[in-house]
Amino acid sequence: MSESGIVAIVQARMGSSRLPGKSFELIAGLPVVEIVLRRLERAQNLRHIVLATSNDPKDDILARHVSRIGFEVYRGSENDLVDRFYTVAKKHGCENLLRATADNVFMDWTEVDRQIEHGLKNDLDFVTWQNPDFPDRMNDFAGEFISFSGLDHVYNSTQDPFDREHVYPYFLNNEDKFKVQRLDVAECLRTDIKFDLDEEADLHVVRAAGENMRDPILTPTWEIVKAAKRLNFIVPDKY
């Protein structure tokens, strides 16, 4: 990580309705949340990484483990993610930040660096992704670059529960108020395989991919995607 980079704020919780406990599921023997944090740690343009989880007792296990392995933890509202991000960003004096989620297990540190560099160079408020080959798979391996001024605007402009829980919708639904750009996902990462961890079927894919790589933290994401394509996943509808 860089001494002069920006702060990555990683949201994670155990209370998912579709896949409870997903942030602490084991992939190749390691909890999902640890893999995400360790992979982000390899980005050159980040100076600090914070886990932003909720103050619900269900998330004690996340907070304990992440603190034990040496990362900062902030605990706040379970559903108001805008407040979580705003509080952490203000504490660290961020001019810009990276929003990441533990759903994107195999974070690509190269994409993260490219995204940050693009956001800083062009003085943008919000940088997200688009996938020219598979539009539904736009952001399985990176995060969102957000300016603090943009986040501050969202914090003070909306109390809509959907906006507050998901952070990004207000930017995309009000592009006239912000400088927003979408980067093309790197060609080597374009796949129709869903790596975003939402449901049991996704866990099957991510776990199988994790068991077929040399290291879930050090393996470049393009190698994981290439291996997953060879596995030719057939995911059953129900488990």
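The structure we're discussing is the one just above.
In what follows, the accompanying structure is described.

So, how was this worked out
Residues numbered from 1 in each chain as written. Predicted model: local features only at pLDDT ≥ 70, side-chain atom pairs only at ≥ 80, totals over all residues. Heavy atoms only, no water. Helix = DSSP H or I, 4+ residues; strand = E, 2+ residues; numbered from the N terminus. Buried < 20%, exposed > 50% of the residue type's maximum accessible area, 1.4 Å probe, protein only. Contact = heavy atoms within 4.5 Å. Phe/Tyr/Trp six-rings, centres within 6.5 Å; stacked < 30°, edge-to-face > 60°. Salt bridge = Lys/Arg side-chain N within 4 Å of Asp/Glu carboxyl O. Axes fitted to C-alpha atoms, helices over the stretch in contact; angles between N-to-C directions. Parallel < 35°, antiparallel > 145°, perpendicular 65-115°, else oblique. Left-handed = near helix turned anticlockwise from the far one by under 90°. Pairing = 2+ DSSP bridges. Arc of directions from axis to C-beta. Core = buried A, V, L, I, M, F, W, Y, C linked by side-chain atoms within 4.5 Å. Right-handed = clockwise from strand over helix to strand, strands pointing away.

1. Let's talk about the overall build of the protein chain
Argument step 1. Across its full length, the protein chain holds 9 helices and 9 strands.
Argument step 2. The principal-axis extent of the C-alpha atoms belonging to the protein chain is close to 45 × 40 × 35 Å.
Argument step 3. Across the 239 residues that make up the protein chain, the buried fraction comes to 55%.
Argument step 4. Restricting to contacts in the protein chain with at least 6 residues of sequence separation, those with at least 24 account for 72%.

2. Examining the packing of aromatic side chains
Argument step 1. The tally for this structure, following the rule as stated, stands at 7 aromatic pairs.
Argument step 2. For the pair Tyr170 and Phe178, a centre-to-centre distance of 6.1 Å together with 75 degrees between the ring planes defines the contact as edge-to-face.
Argument step 3. The exposure class of Tyr170 is buried, given its relative accessible area of 10%.
Argument step 4. Residue classification places Phe178 among the buried residues on the basis of a relative accessible area of 8%.

3. Notes on the pattern of salt bridges
Once the charged atoms of two side chains with opposite charge are near each other, the side chains can pair.
Argument step 1. For the structure on display, the rule yields 20 salt bridges.
Argument step 2. Measuring nitrogen to oxygen at the nearest pair gives 3.0 Å for the salt bridge that ties Glu25 to Arg207. Here Arg207 lies in helix 8 (residues 200-211) and Glu25 lies in the loop between strand 1 (6-11) and strand 2 (26-27), a separation of 182 residues in the sequence.
Argument step 3. Residue Glu25 is classed as partly exposed on the basis of its relative accessible area, which comes to 22%.

4. Quick notes on the packing of helix 3 (residues 81-91) against helix 5 (residues 148-157)
The relative placement of two packed helices comes down to the angle between their axes together with the axis-to-axis distance.
Argument step 1. Where helix 3 meets helix 5, the axes come as close as 10 Å, and the angle between the chain directions of the two elements is 140 degrees. The angle between helix 3 and helix 5 falls in the class oblique. For the pair helix 3 and helix 5, the crossing hand works out as left-handed. Contacts from Val82, Asp83, Phe85, Tyr86, Ala89 and Lys90 of helix 3 reach helix 5 at Phe148, Leu151, Asp152, Val154 and Tyr155.

5. Here we look at the sheet that holds strand 8 (residues 144-147)
Through backbone hydrogen bonds, the strands of a sheet pair up, either in parallel or in antiparallel fashion.
Argument step 1. Pairing within the open sheet is mixed, and its 7 strands lie in the order 5-4-1-6-8-7-9. Of all the strands in the sheet, just strand 5 (72-76) and strand 9 (180-184) have a single pairing partner and so form its edges. If you compare each strand with its neighbour and ignore which way they point, the axes differ by 30 degrees on average.
Argument step 2. With respect to the sheet, helix 4 (residues 109-121) is in contact with strand 1, strand 4 (46-54), strand 6 (96-101), strand 7 (126-130), strand 8 and strand 9, its orientation differing from that of strand 7 by roughly 135 degrees.

6. Considerations on the pairing of strand 8
Argument step 1. Alternating residues of strand 8 divide into Glu144 and Ile146 and Phe145 and Ser147, and every residue in both groups is buried.
Argument step 2. Inspection of the sheet shows strand 6 paired to strand 8 by 4 bridges, in the antiparallel sense. For Arg99, the partnering residue across the bridge sits in strand 8 and is Glu144.

7. Quick look at helix 9 (residues 221-231)
Side chains three or four residues apart in an α-helix point the same way, a direct result of the helix having 3.6 residues per turn.
Argument step 1. Inspection of helix 9 places Thr221, Ile224, Val225, Ala227 and Ala228 among the buried residues, and these make up the whole buried set. Along the axis of helix 9, the buried positions cluster into a sector of 165 degrees, meaning they face one direction only.
Argument step 2. Looking at the buried positions of helix 9, the neighbouring elements they touch are helix 1 (32-40) and helix 8.

8. Brief notes about the nonpolar core
Argument step 1. Val10, Leu40, Leu46, Ile49, Phe106, Val112 and Phe195 are the most contacted members of the largest nonpolar core, which has 50 residues in total.
Argument step 2. In this view, Val112 contacts Leu40, Ala43, Leu46, Leu98, Met107 and Ala142; residues no more than four positions away in its chain are not counted.
Argument step 3. Formed by 22 residues, the second largest nonpolar core is a distinct cluster that contains Phe85, Leu97, Ile146 and Phe148.

9. Examining the pairing of strand 4
Argument step 1. Within strand 4, 7 of the 9 residues are buried, which leaves it mostly tucked inside the rest of the structure.
Argument step 2. Where strand 1 meets strand 4, 6 bridges bridge the pair, whose relative direction is parallel. Note on strand 4: the bridge partner recorded for Gln11 is Ala52.
Argument step 3. Taken together, the 5 bridges between strand 4 and strand 5 define a ladder with parallel strand orientation. Its bridge partner lying in strand 5, Ala52 is registered against Tyr74.
Argument step 4. The parallel pair strand 4 and strand 5, bridged by helix 2 (residues 60-68), forms a crossover whose chirality is right-handed.

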